[in-house]
Amino acid sequence: MKPKVLITRKIPQEIVEKISSVCDVDMWNEEEVPIPREVLEQKIVDVEGLFCLITEKIDADLLKKAKNLKVVSNMAVGYNNIDIEACRERGITVTNTPGVLTETTADLTFALLMATARRLIEASTYLRNGEWKTWSPMQLTGQDVYGATIGIIGMGRIGEAVARRAKAFDMNILYHNRNRKVDAEKTLGATYVELDELLKQSDFVVIMTPYTPETVNLISERELSLMKKTAVLINTARGGIVNEEALYNALKTGQIWAAGLDVFAIEPVSLDHPLLTLPNVVALPHIGSASIKTRLKMAELAADNLMKGVTNQRPDHVVV
Ligand code: DGY
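The protein chain carries the name D-glycerate dehydrogenase in an unreviewed UniProt entry, which gives Calidifontibacillus erzurumensis as its organism. Quoted straight from UniProt, the Sequence similarities (unreviewed entry) entry for the protein chain says "Belongs to the D-isomer specific 2-hydroxyacid dehydrogenase family."

Participant: Can you walk me through the pairing of strand E7 (residues 172-176) in this structure?
Facilitator: Walk down a regular strand and you will see the side chains alternate between the two sheet faces. E7 sits mainly inside the fold: four of its five residues count as buried. The pairing of strand E6 (residues 149-153) with E7 spans five bridges and is classified as parallel. Bridge pairing in E7 links Ile-150 to Ile-173. Each parallel crossover has a hand, and for E6 linked through helix H7 (residues 157-168) to E7 it is right-handed. In this structure, E7 lies alongside strand E8 (residues 191-192), joined through two bridges in parallel fashion. Note on E8: the bridge partner recorded for Leu-174 is Thr-191. Between the parallel pair E7 and E8, the chain is carried across by helix H8 (residues 182-188), and the sense of this crossover is right-handed.

Participant: Hey, could you run me through H7 in this one?
Facilitator: Three or four residues apart is the spacing at which side chains of an α-helix point the same way, because the helix has 3.6 residues per turn. Taking 1.5 Å as the rise per residue, H7 with twelve residues should run 16 Å; its terminal C-alpha atoms sit 17 Å apart, in good agreement. Taken together, the buried residues of H7 touch helix H5 (102-117), E6, E7, H8 and strand E9 (204-207). A positive phi of about 55 degrees marks Asp-170, the residue just after H7.

Participant: How should I be thinking about the UniProt feature "domain: D-isomer specific 2-hydroxyacid dehydrogenase catalytic" (unreviewed entry) in the protein chain in this particular structure?
Facilitator: Here the UniProt feature "domain: D-isomer specific 2-hydroxyacid dehydrogenase catalytic" (unreviewed entry) sits at residues 5-319. Taken end to end, residues 5-319 comprises 36% helix and 14% strand; its first and last C-alpha atoms sit 19 Å apart.

Participant: Would you mind showing me how to read the nonpolar core here?
Facilitator: As a rule of thumb, soluble globular proteins bury nonpolar side chains together. Counting residues in each nonpolar core, the largest one holds 55 residues, and the members touching the most others are Leu-113, Ile-150, Ile-152, Val-162, Val-206, Ile-207 and Val-232. For this core, the element with the most residues is H5, which contributes eight residues. Sequence-distant contacts of Val-206, that is, excluding residues within four places in its chain, are made with Thr-109, Leu-113, Ile-150, Gly-151, Ile-152, Ile-153, Val-162 and Ile-234. Residues Ile-11, Leu-50, Tyr-79 and Ile-92 belong to the second largest nonpolar core, which totals 39 residues.

Participant: Please explain the site of the ligand as it appears in this structure.
Facilitator: Close to the ligand lie Ile-54, Ala-76, Val-77, Gly-78, Leu-101, Gly-288 and Ser-289. Broken down by class, the residue content of the shell around the ligand amounts to four nonpolar, three polar and no charged.

Participant: Is there a simple way to think about the packing of H5 against H7 in this case?
Facilitator: Pairs of packed helices are described in terms of their axes, by the angle between the two and the distance that separates them. Interhelical geometry of H5 versus H7 gives an angle of 55 degrees and a closest axis separation of 8 Å. As judged from the angle between their axes, H5 and H7 are oblique. Crossing of H5 over H7 shows right-handed handedness. In contact with Thr-102, Glu-103, Thr-105, Ala-106, Thr-109 and Phe-110 of H5, H7 contributes Arg-157, Ile-158, Ala-161, Val-162 and Arg-165. Considering only residue class, the contact of H5 with H7 consists of five nonpolar, three polar and three charged.

Participant: Just checking my understanding: could you explain the sheet that holds E6 for this structure?
Facilitator: Strand pairing in a sheet relies on backbone hydrogen bonds. The paired strands run either parallel or antiparallel. Here we have seven strands laid out as an open sheet, ordered E8-E7-E6-E9-E10-E11-E12, and parallel in their pairing. The outermost strands of the open sheet, each flanked by one partner alone, are E8 and strand E12 (281-283). Sheet strands in contact with H7 are E6, E7 and E9, and its direction is about 165 degrees off that of E7.

Participant: Looking at this structure, how should I read the sheet that holds strand E5 (residues 93-95)?
Facilitator: One open sheet holds the five strands; their spatial order is E2-E1-E3-E4-E5, and the pairing between them is parallel. The strands lining the two open edges of the sheet, one partner per strand, are strand E2 (24-27) and E5. Between one strand axis and the next, the sheet turns through 15 degrees on average, direction left out of account. Here strand E4 (residues 71-74) pairs with E5 via three bridges, running parallel. Paired with Ser-73 across the bridge in E5 is Thr-95. Here helix H12 (residues 292-310) sits on the sheet and contacts strand E1 (4-7), strand E3 (49-52), E4 and E5; the angle it forms with E4, its principal contact strand, is near 175 degrees.

Participant: What exactly am I supposed to notice about unusual backbone geometry here?
Facilitator: The amide bond that connects Glu-267 to the next residue, Pro-268, takes the cis arrangement and shows omega of -5 degrees. With respect to the helices and strands, Pro-268 occurs in the loop between strand E11 (258-261) and E12. Of note, Arg-119 is a non-glycine position whose phi angle comes to about 55 degrees, a positive value. Tracing the backbone shows Arg-119 in the loop between H5 and helix H6 (120-128). Despite not being glycine, Leu-140 shows a phi value in the positive range, around 55 degrees.

What counts as what
Residue indices begin from 1 for each chain and proceed along its sequence in written order. With pLDDT at 70 or above as the cut-off, local features in this predicted model cover only qualifying residues; side-chain atom pairs require 80 or more to be listed or tallied, and sums for whole chains, interfaces and linings still use all residues. UniProt positions are given in the numbering used here, feature names are shortened, and annotations may be inferred rather than shown by experiment. Exposure classification rests on a simple neighbour count of other C-beta atoms within 10 Å of a residue's own: a residue reaching 20 or more is buried, one at 12 or fewer is exposed, and one in between is partly exposed. C-beta atoms are placed from the backbone. Helix and strand assignments come from DSSP, with helices taken as H or I runs of at least 4 residues and strands as E runs of at least 2, each series counted from the N terminus. Pairing between strands is defined by DSSP: at least two bridges between the two strands are required. When the strands point away from the viewer and the connection leading from the first strand across the helix to the second strand turns clockwise, the crossover is called right-handed. Here a helix's expected span is defined as the number of its residues, less one, multiplied by 1.5 Å. In this description, a residue-residue contact is defined by the distance between C-beta atoms placed from the backbone, which must lie within 7 Å. Linking buried Ala, Val, Leu, Ile, Met, Phe, Trp, Tyr and Cys residues through C-beta atoms within 7 Å yields a set, and such a set is a nonpolar core. Near, for a residue, is defined by distance from a backbone-placed C-beta atom to a molecule or strand, with 6 Å as the limit that must not be exceeded. For this classification, Asp, Glu, Lys and Arg are treated as charged, while Ala, Val, Leu, Ile, Met, Phe, Trp, Tyr, Cys and Pro are nonpolar and the rest, including Gly, are polar. Note on definitions: angles span 0 to 180 degrees between N-to-C directions of axes, and those axes are lines fitted to C-alpha atoms, for helices only across the stretch in contact. Small angles under 35 degrees read as roughly parallel and large ones over 145 as roughly antiparallel, with 65 to 115 read as roughly perpendicular and the rest as oblique. Should the near helix be turned anticlockwise from the far one by less than a right angle, the crossing is termed left-handed; should it be turned clockwise, right-handed.

The following block contains the structure:
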């Protein structure tokens, strides 16, 4: 008998077929609607493998219901949606999809940085609203990216990929990380600094750190108050790393200049969220890894992890 697995969202057919060659697949057949919690609770009971997304909360209560679960395969590099300790206690393997989304996420991070610095969304809206009457000297002026100082918080794979892009823009690269990255220092000319120093010196502060209990509200009122008035904050990691109320106040009062956000504490962000009322916020719907090639690679990797997990082989990307 094939091991039973649940896929919590509609994924490309070729990947479903691949999984089906080894597993008995049950799939929530919606592309845009997450599986309802009660359906997940009911289906988790007898599956051996779960292929899930960051939209599913895999917590201790859910895991208690899972009688046969061997592997939770998250189609994401981040896994803050999963209670890792509860999985460890129950001997459930958790896997993620690192590596394949590094360059795509770094591209988006840099695109967001440039769009925020040069006010691209505001400028485009200005044109489409018929406000463009003439060319004028200081109209829609922004911040230079070329030659500016970038401070990267979290120098993992994606942080380094952002640093490579920054080097091509002749930026001065600062970073803060749990441990020193000697290779990045040598090859990219990146300089390690303490967090406060990074915040004080950077024109662009880019958050690339994982979301853990230690990084909840890492950037709050005190940290924002250290930043330059001309500084731009970019977050493509996880919304909860930045205290949104403090960020709103800092942007509103001119404590910092602008923010580019691909992530929010609660997603999808509510349309009446105060941050969305500000012209100096560029907001995106969590699309860091959203290129066709990369999403396919992520789904494929998550499928491989799942299939190995349910057939008692060690998956390539084990978190726990
Ligand atoms: C991840 O992989 O963690 C992203 O946030 C979703 O692509």
